[in-house]
Amino acid sequence: MKVTRRQFVKGGMAAFTVTFAAPEFLSDLAQAQGAHTRNLVILYLGGGNDSLSMIPPFNDPFYTSRRPTLAVPAGQVLQIGTDSSKVALGLHPRLTGLKQIFEQGRLAFVQRTGYPNQSRSHFQGVDIWSTADPLNSSGLGWVGRYLDSLPSPVDPLVGWNTTGSLPHVLQASHTPVPAISNPAGYSFASPNFGAEAAAERSAALRIASHVPVDRPELAFVYGSTQAALATLDRVATVAAYVPSLAYPTSGLGQALRAVAGAMNKGIGTRVFYVTTGGFDTHSAQNVNATNGAYYNLMATLNDAVLAFYNDLKNQGLLDDTLVVSFSEFGRRITENGSQGTDHGSASAMLVMGGKVNGGLYGTAPNLSIDPSNPTLENDAADVKFETDFRSVYAQVIDGWLGSDSVKLLGGNFRKSGLAFI
Amino acid sequence: MAKTEDRQVEHLLRRAGFGARPDELSLFREMSISQAVDLLVNYDELVDDVDILIGKPGYAGTTVNGVFSPQSNITHARQRWLFRMLHTNRPLQEKMTLFWHNHFATGYNKIAGTFGAAEGARYMAAKSSEDPGKVRGQIEMLRENALGNFRDILVNVAKDTAMIVWLDGRTNFKAQPQENFGREIMELFSLGVGNYTEADVYAAARVFTGWNLTRPGVSGDPTQHYEFIYNPNQHETSAKTFSFAIYPDGGKTIPARAAAGGMQDGIDLINGLAAHPSTARYLAAKLYRFFVSEFGAVNVTFVNRVANVYLQSGYDMRAVMREVLLSPEFWDPSAYFARYAWPVEYVVRALKDVGWTGYSVNDALTPLSNMGQILFEPPDVAGWDTGQSWFSTGAMLARMNFASSLAGNQKFNLANAVKTAGTGKTPEAMLAYFGDQIVTAPQDSRITAEFNNYLHANGAWTGTDAQLQAKASGLVHLMVGSPEYQLV
């Protein structure tokens, strides 16, 4: 997976030089693209989310018998009705905010998403979900390919990654995505003041413009430097954003606050990446106790997403926004001896936004231990996928981004009945 | 007359260490390449005395509130490791320790979340000589085995307290085996993904049932600590069959054993993993990426040769590293600067090049976090995402800003050095001086011209102290923050 990051640079640098036009021009471009664009927020739940604890099939007797310490008691789930196979589903008790959004019809779950022979490796799994290619997961990210498909010149702020390093899903051949975890800290320092500091900054800008096109690996660093310097001033405006409500102090809460700020300030960003981790719950998963490990994961998710949803609603930006989650795999159905769950297979994806047709898509697994149970695999140890995750991506690409999923995904994964947007 | 060219010494020390201090440069340039590699690889012939230099004048400082306690305070432990990287005379030992830290990536937070902050630091970083219960933290274990036998390293890792917490071995019981460690020892620590099956994961989990922790002794006694125990009552005793050879005769089945002797299951599996050709190739490829080049494809000839040395030597990492550092691939000019510096490599090398007098390594910790690398806190068990992944815009900005703060901190020293060298009289003389001090990947003449333009900006050259301080620090900021300096 390290080789890949190199591959995409080849031939990409000529495009860098063309892409990075003068900042003044880019601001105009951003403005032109400005109001009422469609924003996509990719939410990565790191570690392999146990979606059976997020939306428990609480009436399935095997849910309780296979998870003696982890099952959410039927009386405690937040009921959200039944899916098309008449299985009653609920939300984890801490997801009260998501339940509100669900009831407002702006939240959808796509159950049992995955792919054939799903990888149980974190790293291969993330690569596959990122590239949308289970057979060769070393290429560009699917969102990166989308960014590459945008007409040139592409604004260097077209994407915004709120984490420290570039996630595979955003890897593009000629569209570098800035990483800005904290807009307030995104500034150019100098050991000097006044005119001397200004001279350093302009020297740094000029140095970054001399991209060595014949040395692609070095040119990549030039690309990052250029993109950083070209976006400083616009990002500074986001640091001044005053949201309509208080966001949680969690990493996810603060990241979504920055996303809302970028949308509110209209700086031209279209695709955002946010993440929250800790889902690799091999031991002491503690789904039910207040402040238990999984309970806290749900709290972080719920509080951040609810604040984001309400803030966007107050700012009139909800209809411009689509949030799509992914995680590398679900978890084994039967809990292990450590009151946790090991790496499994299919799980549920979450989709939220002002234009989302909320509800339950796909069907829940039947958790019966019968090895021939068609909704399970691996001798009924793991959930078998029903909806290829690329079908969800296809719907996002075609129905929201207005691009061509067949081209971006290298095949037709459109699936009828998956009209969540 | 130097026996080895400076550019070769610098290449060797950028890779086998963290750059070259002036004293290292003068030492190594008097040696032949094979003498230099001998000195690096046989580091145990030198006294390991770097820690006693902490707090002494002439070395980088540390910043602590109270007593310096790296055995129980993770921030202190981070400072100690940076100090070692900067001032050690055994650079390859620190470099290999970093390699293993990334390979067996274990995060402090989970240990601290389980046992508390002081205990978390203890199991990650304590030296047995400074711990009341003689606890040897994971990094000390890796440091002591930095060029040890890979099989022994795997055994030590499997019994390491922090690892047993990190990958949940402490709750791997026979009733329902816990797969976390069993999977990762194959996927990440030895064979590599694709070289084992799901059935192997189940079998490996069963092999390590009962490899748990214990904490004997009296509560409140400072010698009390968690340590590895093989718990026969929790070991699953039936036979375990793998898809690959466990034994030299090709046997794939670890036989059923009485619980009392069941710990041998784990030893057998580790022996099998250490001897597996995939492990040899996986390690060789990883060493190629870390020590030789990240640009282009992994060199197959190198991998075959190094994998062979690994197997022939009985997994001796000292023999393996000697092969790596003397390899034609390592010395090929195309390998010079053909790697993206990790944040700690970048920071320590900058300190060696720019200076450390009056600098506290504590001041590098927040910048390192902004660059994406917190020691003792890799993002997950696969370690850091390296190569171009280090160079998001935010991380690049953090590097430039670190260059700025270091240059600002060293402003007076830099100006004095320029004056002492008699190179403050013209911008060109100052540029030539720093061009010698701060070696980067080859820089195009357009870049040198920009440095020169900067020195000429804002009026005539007067050579006053104030101007020398401003221009020296501004220039060093630009050089250390330049893209070329990010390659090692």
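All of these numbers come straight from a predicted model, not from anything done at the bench. (Residues numbered from 1 in each chain as written. Chains lettered and ligands numbered in written order. Predicted model: local features only at pLDDT ≥ 70, side-chain atom pairs only at ≥ 80, totals over all residues. Heavy atoms only, no water.)

Digging into the overall build of chain B
Across its full length, chain B carries 24 helices and four strands. Computed over C-alpha atoms, the radius of gyration of chain B comes to 24 Å, within 12% of the 23 Å expected from 2.2 N^0.38 for 488 residues, which places it in the range of a compact globule. On the principal axes, the C-alpha backbone points of chain B span a range of 85 × 55 × 40 Å. Taken across its 488 residues, chain B has 60% of its residues classed as buried. Restricting to contacts in chain B with at least 6 residues of sequence separation, those with at least 24 account for 71%. Averaging the locations of the 43 positively and 49 negatively charged side chains of chain B gives two centres separated by 1 Å. (Helix = DSSP H or I, 4+ residues; strand = E, 2+ residues; numbered from the N terminus. Rg over C-alpha atoms; globule rule 2.2 N^0.38 Å. Buried < 20%, exposed > 50% of the residue type's maximum accessible area, 1.4 Å probe, protein only. Contact = heavy atoms within 4.5 Å. Lys, Arg positive; Asp, Glu negative; His and termini not counted. Charge placed at Lys NZ, Arg CZ, Asp CG, Glu CD.)

Regarding the overall build of chain A
Counting secondary structure elements, chain A contains 14 helices and twelve strands. Against the 2.2 N^0.38 benchmark of 22 Å for 421 residues, chain A shows a C-alpha radius of gyration of 22 Å, consistent with a compact globule. Principal axes of the C-alpha set define a box for chain A whose edges measure 70 × 45 × 40 Å. The burial tally for chain A puts 63% of its 421 residues in the buried class. Put simply, 73% of the contacts in chain A that link residues at least 6 apart link residues at least 24 apart. By element, 53% of the accessible surface of chain A is carried by carbon and sulfur atoms, the whole surface being about 14100 Å². Each charge class in chain A can be summarised by its mean position, and for the 30 positive and 31 negative side chains these summaries are 2 Å apart. (Areas by Shrake-Rupley, 256 points an atom, 1.4 Å probe, with all protein chains shown as cover.)

Notes on the interface of chain B and chain A
Often the size quoted for an interface is simply the accessible area lost on bringing the parts together. Taken together, the contact pairs 62 residues of chain B with 59 residues of chain A. Where chain B abuts chain A, roughly 5100 Å² becomes buried across the two surfaces, and 54% of that area is made up of carbon and sulfur atoms. Considering only the surface of chain B that becomes buried against chain A, B:Gln388, B:Thr393 and B:Glu450 emerge as the three largest contributors, covering 13% of it. Here chain B and chain A share five salt bridges between them. Between B:Glu179 and A:Arg332 there is a salt bridge, with its nearest N and O atoms 2.8 Å apart. (Buried area = accessible area lost by both parts, 1.4 Å probe. Salt bridge = Lys/Arg side-chain N within 4 Å of Asp/Glu carboxyl O.)

Re the pairing of strand E2 (residues 78-82) of chain A
Two faces belong to every sheet, and in a regular strand the side chains alternate between them. Residue and element names in this part refer to chain A. Note that E2 and strand E3 (residues 88-91) share three bridges and pair antiparallel. The residue bridging Gln 79 from the neighbouring strand is Gly 90, located in E3. Between E2 and the antiparallel strand that follows it, E3, lie five residues; Lys 86 among them carries a positive phi value of about 70 degrees. (Pairing = 2+ DSSP bridges.)

Structural notes on the packing of aromatic side chains
Residue and element names in this part refer to chain B. What the rule picks out here adds up to 39 aromatic pairs over all chains. A centroid spacing of 6.4 Å and a plane angle of 25 degrees characterise the contact between Phe 104 and Phe 150, whose relative ring orientation is stacked. Of this pair, Phe 104 sits in the loop between helix H5 (91-103) and helix H6 (108-115) while Phe 150 sits in helix H9 (residues 150-158); the two residues are 46 residues apart in sequence, bridging distant segments of the chain. Assessed through its relative accessible area of 0%, Phe 104 is described here as buried. Taking relative accessible area as the criterion, Phe 150 reaches 0% and is therefore assigned buried. Between Tyr 340 and Phe 391 the ring centres are 5.5 Å apart and the planes differ by 50 degrees, which places this aromatic pair in the tilted class. Residue Tyr 340 is located in the loop between helix H17 (328-331) and helix H18 (343-354), and its partner Phe 391 is located in the loop between helix H19 (365-371) and helix H20 (393-409); the two are separated by 51 residues in the primary sequence. Classification of Tyr 340 as buried rests on a relative accessible area of 0%. The ring of Phe 18 carries the charged tip of Lys 95 above its face, separated from the ring centre by 5.0 Å. (Phe/Tyr/Trp six-rings, centres within 6.5 Å; stacked < 30°, edge-to-face > 60°. Lys NZ or Arg CZ within 6 Å of the ring centre and 35° of its normal.)

Observations regarding the environment of B:Tyr315
All names here are of chain B. With respect to the helices and strands, the residue Tyr 315 is situated in the loop between helix H15 (300-312) and helix H16 (317-325). Counting along the chain gives 266 residues from Tyr 315 to Asp 49, while the straight-line C-alpha distance between them is 28 Å. Other than its neighbours up to four places away in sequence, Tyr 315 contacts Gly 148, Asn 149, Phe 150, Arg 151, Ala 274, Ala 275 and Tyr 310.

Some thoughts on the packing of helix H22 (residues 427-437) of chain B against helix H24 (residues 465-480) of chain B
All names here are of chain B. Running from N to C, H22 and H24 cross one another at 45 degrees; their axes reach a closest spacing of 11 Å. Comparing their axes, H24 and H22 come out oblique. Crossing of H22 over H24 shows right-handed handedness. In this structure, H22 uses Met 430, Leu 431, Phe 434 and Gly 435 to contact H24, whose residues at the interface are Leu 468, Lys 471, Ala 472, Leu 475, Val 476 and Met 479. In terms of residue class, the contact of H22 with H24 is built from eight nonpolar, one polar and one charged. (Axes fitted to C-alpha atoms, helices over the stretch in contact; angles between N-to-C directions. Parallel < 35°, antiparallel > 145°, perpendicular 65-115°, else oblique. Left-handed = near helix turned anticlockwise from the far one by under 90°. Nonpolar A, V, L, I, M, F, W, Y, C, P; charged D, E, K, R; others polar.)

Looking at the pattern of salt bridges
Considering all chains together, one arrives at 49 salt bridges over all chains under this definition. The closest approach of N and O atoms between B:Asp44 and B:Arg318, which form a salt bridge, is 3.3 Å. Of this pair, B:Asp44 sits in the loop between helix H3 (33-41) and helix H4 (74-87) while B:Arg318 sits in helix H16, placing them 274 residues apart in sequence. Judged by its relative accessible area of 46%, B:Asp44 is partly exposed. Residues joined in a network through salt bridges with shared partners are A:Arg120, A:Arg332, A:Glu377, A:Asp382, B:Glu179, B:Arg183 and B:Glu198.

Topic: the nonpolar core
Of all hydrophobic cores here, the largest spans 247 residues; its most connected members are A:Phe308, B:Phe189 and B:Phe434. Per-element tally for this core: the top contributor is helix H12 (residues 293-315) of chain A, with eleven residues. For B:Phe434, the contacting residues outside a window of four places in its chain are B:Leu414, B:Val418, B:Ala472, B:Leu475, B:Val476 and B:Met479. Residues A:Leu40, A:Tyr146, A:Leu147 and A:Ile397 belong to the second largest nonpolar core, which totals 44 residues. (Core = buried A, V, L, I, M, F, W, Y, C linked by side-chain atoms within 4.5 Å.)

A word on unusual backbone geometry
With an omega dihedral of 0 degrees, the bond running from A:Ser152 to A:Pro153 counts as a cis peptide bond. Its location among the elements puts A:Pro153 in the loop between helix H8 (142-148) and strand E5 (159-161). With phi around 60 degrees, B:Phe337 is a residue other than glycine that occupies positive phi space. With respect to the helices and strands, B:Phe337 occurs in the loop between H17 and H18.

Considerations on the side chain of A:Arg390
Residues and elements named next belong to chain A. Among the structural elements, Arg 390 can be located in helix H13 (residues 389-401). Judged by its relative accessible area of 11%, Arg 390 is buried. Apart from residues no more than four positions distant in its own chain, Arg 390 is found in contact with Ala 132, Pro 134, Leu 409 and Phe 413.

Some thoughts on the confidence of the model for chain A
Residues of chain A with pLDDT of at least 70 account for 91%, and the chain-wide mean is 90. In the predicted structure, residues 1-35 of chain A sits below a pLDDT of 50 and forms 68 contacts with residues beyond four places in sequence or in another chain. (pLDDT = per-residue confidence, 0-100.)

As for the confidence of the model for chain B
For chain B, mean pLDDT is 96; residues scoring 70 or higher make up 100% of the total. The ipTM for the predicted assembly is 0.96, set against a pTM of 0.84.

Details of the side chain of B:Thr209
All names here are of chain B. Among the secondary structure elements, Thr 209 is positioned in the loop between helix H12 (198-207) and strand E1 (211-214). Among the polar contacts listed, one links the side chain of Thr 209 to the backbone oxygen of Arg 206, at a separation of 2.6 Å. If near-sequence neighbours (up to four positions away) are discounted, Thr 209 is found in contact with Asn 172, Phe 173, Lys 174, Pro 177, Tyr 230, Gln 234, His 235 and Glu 236. (Polar contact = N/O pair within 3.5 Å; in protein donor to acceptor, adjacent residues only side chain to side chain.)

Regarding the packing of H22(B) against helix H23 (residues 445-456) of chain B
Residues and elements named next belong to chain B. Where H22 meets H23, the closest approach of the two axes is 10 Å, and the angle between their N-to-C directions is 135 degrees. Relative to H23, the element H22 lies oblique. In the crossing of H22 with H23, the sense of the turn from one axis to the other is right-handed. Contacts from Pro 427, Glu 428, Met 430 and Leu 431 in H22 reach Thr 448, Phe 451, Asn 452, Leu 455 and His 456 in H23. Taken together, the residues that form the contact of H22 with H23 break down as five nonpolar, three polar and one charged.

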